[in-house]
Amino acid sequence: MDMDHLVSMFGPDSDSEDDSTVAMGELPAALPPEEEEGNVEYKLKLDPSAFRMEHLVTQMKWRLEEGNGEAIYEIGVEDNGFLAGLSDSDLETSLSTLRKMADRLGASTEILREKVIDDEDGTEKKRALEVLVRKVPDDQQFIDLKIAVLGNVEVGKSTILGVLTQGELDNGRGRARLNLFRHLHEIQSGRTSSISYEILGFDGNGKVVNYNACRTVEEICEKSNKLITLIDLAGHHKYLKTTIFGLTGNSPDFAMLVVSANTGIAGTTREHLGYALALDVPVFVVVNKIDMCHTSVLEKTLRQLEQILKSPGVKKIPIRIETSDDAITAASGLDSRKITPIFMVSCVTGENLDLLTQFLNILPPGTPHLEREKLAQDLTEFQIDELFSVPNVGTVVGGIIQRGSIRQGQHLLLGPSDDGSFRNVKVRTVHRNRLPCRLIQAGQAACIAINDIGREELRKGMVLVCKDSTPDCCIEFEADVYVLFHSRHITVGFQTTIHIGTVCQTAVITHIDRPHIKTNEKAQVTFTFKFKPEHIRVGSRLLFRDGKSKGMGEVTKIKPYEYVNR
């Protein structure tokens with residue numbers, strides 16, 4: 001997202017004058033031409049001959065790799081995207097061949113939708129099918145997605161997650177959210193103040209696997225081909241630091257912005273949307289509590305939301321999801337970052353929750369296959385964002401492995417400590433989604449038990465890196481920044497809280513390439529951490545804030561800690 005287009009999320013209100021909406025109907029008579037890259041394959045007809053079968057299976061394997069375990073097959077569609085359709089007999093033959101191909105690879109198939117095409121003379125009707133093929137990659141237990149849940153306080157974020165994961169509707173008084181709260185004061189106030197994680201599983205046929213059918217997390221993981229980790233973040237402005245930390249530290253694939261139908265865009269809603277856009281996270285919107293308001297109030301909220309999404313600060317195409325066809329099309333196009341689907345749901349009546357569930361089932365994995373492979377082959381880097389002391393186990397760290405891989409029994413370097421040093425540690429055990437595993441790879445969240453170190457020696461923001469690397473840490477770094485909002489102007493000496501991944505620390509601006517920076521201005525600045533050195537990488541995105549002042553940027557150069565203190 002261009003930094004010039006984010007200021008309206010944090011500054012004064014800026015509504016667009018364009019009130020037009022984008023409606024989604026049925027599939028058009030033609031699709032975009034087939035692309036060589038990606039996980040979508042067009043097939044006019046599938047030939048079941050033995051020679052052809054080997055080629056088709058190899059092709060399906062490649063498409064699955066491109067989609068990190070998921071591929072979309074359009075049957076009855078020519079390479080140029082024209083929906084020609086097939087007769088019933090030809091379509092059954094093609095579908096049977098597709099299932100045989102999937103069986104050869106150990107994959108499952110699920111028909112998403114079909115299109116009936118009338119012949120020119122109207123004597124024969126032909127059909128085209130869209131089929132989802134899913135296979136868990138050999139190096140994974142399941143296909144994994146992370147979704148951050150954002151929105152103002154009391155819009156029903158925790159309630160939505162409770163209904164989705166527990167399989168039971170809410171009673172209108174917050175019963176569904178109780179299982180998500182981690183602290184007594186959250187239960188008493190009804191407000192989330194910490195980061196909590198819930199999982200939603202889907203089997204090979206696209207059916208939900210949740211606590212209604214399974215008793216434990218372990219059972220959900222075993223029965224799921226696709227697992228979505230839902231990260232419930234706080235909505236109250238008092239807990240903004242925790243929310244930003246959850247958004248930057250967890251590296252979510254998508255963000256779900258929840259809006260209350262009866263209150264509209266209020267409180268921290270704009271701010272949360274702005275942070276997601278600043279971090280380049282694709283966003284979809286869920287308008288909750290539609291059972292509590294009149295149709296005219298809901299329409300007013302939707303128009304207000306569409307104005308914000310189409311405004312110069314966002315430049316998205318809002319799409320109201322009203323049918324199953326809408327949900328499937330939106331899920332396939334969300335990673336383009338051009339559209340923003342809008343769901344209208346009720347956790348009490350259950351209205352349209354099936355559309356949201358179907359959308360989540362089809363959402364593609366966030367990181368492209370080639371990029372994921374490249375990261376997995378890089379030197380190990382595990383960012384720590386949770387710390388535990390477990391009886392009879394010892395010190396346990398939680399976080400996300402950004403690069404490389406970690407095995408049980410592996411020796412790594414842990415740091416940086418307050419003096420900038422790294423120390424040797426050994427990985428005792430590795431757990432992912434509460435299940436023991438021997439190996440984790442780039443992009444996966446996990447908990448690691450490590451030897452010979454106490455809980456008091458650790459802090460959030462530390463990293464585990466490969467022993468073969470020469471890890472750098474810095475207390476001073478340069479960045480290109482963009483000021484989203486400031487009441488006056490920023491000068492040298494300005495103190496602010498910096499968020500870079502799991503790093504969260506106060507820093508001081510010690511140099512600017514101009515006298516000062518105002519709202520909606522860019523600059524090259526030098527930051528100096530106030531308390532201790534941190535491990536950061538060139539190219540990392542950063543957010544900084546101090547009261548109402550907010551900005552974003554990118555790290556361009558780090559000055560190694562030894563150099564600063566030489």
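Predicted model only: the values in this text are computed from it and were never measured.

**Some points on the overall build of the chain**
Per the secondary structure count, the chain includes 12 helices and 27 strands. Across the 566 residues of the chain, 56% fall into the buried class. Put simply, of all contacts in the chain between residues at least 6 apart along the chain, 71% involve residues at least 24 apart. A total accessible area of about 24800 Å² is found for the chain, and carbon and sulfur atoms account for 47% of it.

**Structural notes on the confidence of the model for the chain**
Atomic detail in the predicted coordinates should be set aside for any region of low pLDDT. Confidence along the chain averages 85 in pLDDT terms, with 87% of residues attaining 70 or more. Scored below 50 in pLDDT, residues 13–26 makes 30 contacts in the model with residues more than four places away or belonging to other chains.

**Examining the sheet that holds strand β3 (residues 108–118)**
Reading across from one edge, β1-β2-β4-β3 is the order of the four strands in this open sheet, with mixed pairing throughout. Two strands in the sheet have a free side with no partner beyond their single neighbour: β1 (40–43) and β3. The mean angle between the axes of side-by-side strands here comes to 15°, regardless of whether they run parallel or antiparallel. Bridge analysis of β1 against strand β2 (residues 70–75) gives four bridges, and the strand direction is parallel. When the bridges of β2 are listed, Val 40 appears paired with Ile 72. Strand contacts of helix α2 (residues 88–105): β2, β3 and β4 (125–134), with the helix running at about 10° to β4, the strand carrying the most contacts.

**Points about the state of the cysteines**
Evaluated as defined, the whole model comprises zero disulfides. The thiol sulfur of Cys 474 is not disulfide-bonded, and the nearest other cysteine sulfur, from Cys 473, lies at 7.2 Å. Take Cys 474: its relative accessible area is 0%, and that puts it in the buried class.

**Things to note about the environment of Arg 514**
Within the fold, Arg 514 resides in the loop between β24 (503–512) and β25 (522–529). The spacing of Arg 514 and Val 492 is 22 residues in sequence and 9.7 Å in space, taken between C-alpha atoms. Not counting residues within four places of it along the chain, the set of residues in contact with Arg 514 comprises Glu 521, Lys 522 and Ala 523. At a separation of 3.5 Å, a polar atom in the side chain of Arg 514 contacts the side chain of Glu 521.

**Looking at the pairing of β2**
Of all six residues that make up β2, six are buried, and the element is covered over most of its length. Side-chain alternation along β2 places Glu 70, Ile 72 and Glu 74 on one buried face and Ala 71, Tyr 73 and Ile 75 on a second face that is also buried. Pairing of β2 with β4 involves six bridges; the strand directions are antiparallel. Across the sheet, the residue bridging to Ile 72 is Leu 132, located in β4.

**Regarding the packing of aromatic side chains**
Overall, the coordinates contain six aromatic pairs when judged by the stated rule. Put simply, the rings of Phe 477, Phe 527, Phe 529 and Phe 544 touch in pairs and so form one group of aromatic residues.

**What to know about unusual backbone geometry**
Negative phi is the rule for most residues except glycine; trans is the rule for most peptide bonds. Along the chain, Gly 415 connects to Pro 416 via a cis peptide bond; the corresponding omega equals -5°. Within the secondary structure, Pro 416 sits in the loop between β16 (411–415) and β17 (423–432).

**Points about the sheet that holds strand β22 (residues 474–485)**
Strand order in the closed barrel formed by six strands is β22-β25-β24-β23-β26-β27, with antiparallel pairing between adjacent strands. Averaged over all adjacent pairs, the angle separating strand axes in this sheet is 45°, with direction ignored. With respect to the sheet, helix α7 (residues 269–278) is in contact with β26 (541–546) and β27 (549–560), its orientation differing from that of β26 by roughly 150°.

**Things to note about the packing of helix α6 (residues 240–249) against α7**
Packing of α6 against α7 leaves a shortest axis separation of 11 Å and a crossing angle of 30°. Considered as vectors, α6 and α7 are oriented roughly parallel to each other. For α6 against α7, the interelement crossing comes out right-handed. Between α6 and α7, the contacting residues are Leu 240, Thr 243, Ile 244 and Leu 247 on the first element and Glu 271, His 272, Tyr 275 and Ala 276 on the second. Across the contact of α6 with α7, the residue classes break down as five nonpolar, two polar and one charged.

**Observations concerning the pairing of strand β9 (residues 254–260)**
Counting buried positions over the seven residues of β9 gives seven, a clear majority of the element. Each parallel crossover has a hand, and the one from β9 via α7 to strand β10 (residues 283–288) is right-handed.

**So, α2**
For an α-helix, 3.6 residues make a turn, and residues three or four places apart therefore share a direction. Helix length check: α2 (18 residues) gives 26 Å between terminal C-alpha atoms against 26 Å at 1.5 Å per residue, within 8%. Leu 91, Ser 94, Leu 95, Thr 97, Leu 98, Met 101, Ala 102 and Leu 105 are the residues of α2 that are buried. End-on, the buried residues of α2 take up no more than an arc of 160°, which puts them together on one face. Note on α2: the residue one or two positions beyond its end, Gly 106, has a positive phi of about 75°.

**What about the pattern of salt bridges?**
Per the counting criterion, the structure on display carries 25 salt bridges. For Glu 41, the salt bridge identified is with Lys 43, shortest N-O distance 3.5 Å. Residue Glu 271 is joined to Lys 550 by a salt bridge in which the shortest nitrogen-to-oxygen separation is 3.0 Å. Within this pair, whereas Glu 271 is found in helix α7, its partner Lys 550 is found in strand β27, the two being separated by 279 residues in sequence. Its relative accessible area of 11% is what places Glu 271 among the buried residues. A network of salt bridges, in which partner residues are shared, links Glu 34, Glu 41, Lys 43 and Arg 63.

**Observations concerning the side chain of Ser 469**
Counting through the fold element by element, Ser 469 comes out in the loop between β21 (463–466) and β22. Here Cys 466 takes part through its backbone oxygen, which lies 2.6 Å from a polar atom of the side chain of Ser 469.

**Things to note about the packing of helix α9 (residues 324–333) against helix α10 (residues 353–362)**
Look at α9 against α10: their axes get within 9 Å of each other, and the N-to-C directions meet at 30°. In terms of axis orientation, α9 runs roughly parallel to α10. Remark: the crossing between α9 and α10 carries right-handed chirality. Between α9 and α10, the contacting residues are Ser 324, Ala 327, Ile 328, Ala 330 and Ala 331 on the first element and Leu 355, Gln 358, Phe 359 and Ile 362 on the second.

The rules we used
Residues numbered from 1 in each chain as written. Predicted model: local features only at pLDDT ≥ 70, side-chain atom pairs only at ≥ 80, totals over all residues. Heavy atoms only, no water. Helix = DSSP H or I, 4+ residues; strand = E, 2+ residues; numbered from the N terminus. Buried < 20%, exposed > 50% of the residue type's maximum accessible area, 1.4 Å probe, protein only. Contact = heavy atoms within 4.5 Å. Areas by Shrake-Rupley, 256 points an atom, 1.4 Å probe, with all protein chains shown as cover. pLDDT = per-residue confidence, 0-100. Pairing = 2+ DSSP bridges. Axes fitted to C-alpha atoms, helices over the stretch in contact; angles between N-to-C directions. Disulfide = S-S within 2.5 Å. Polar contact = N/O pair within 3.5 Å; in protein donor to acceptor, adjacent residues only side chain to side chain. Phe/Tyr/Trp six-rings, centres within 6.5 Å; stacked < 30°, edge-to-face > 60°. Parallel < 35°, antiparallel > 145°, perpendicular 65-115°, else oblique. Left-handed = near helix turned anticlockwise from the far one by under 90°. Nonpolar A, V, L, I, M, F, W, Y, C, P; charged D, E, K, R; others polar. Right-handed = clockwise from strand over helix to strand, strands pointing away. Expected span 1.5 Å × (residues − 1). Arc of directions from axis to C-beta. Salt bridge = Lys/Arg side-chain N within 4 Å of Asp/Glu carboxyl O.

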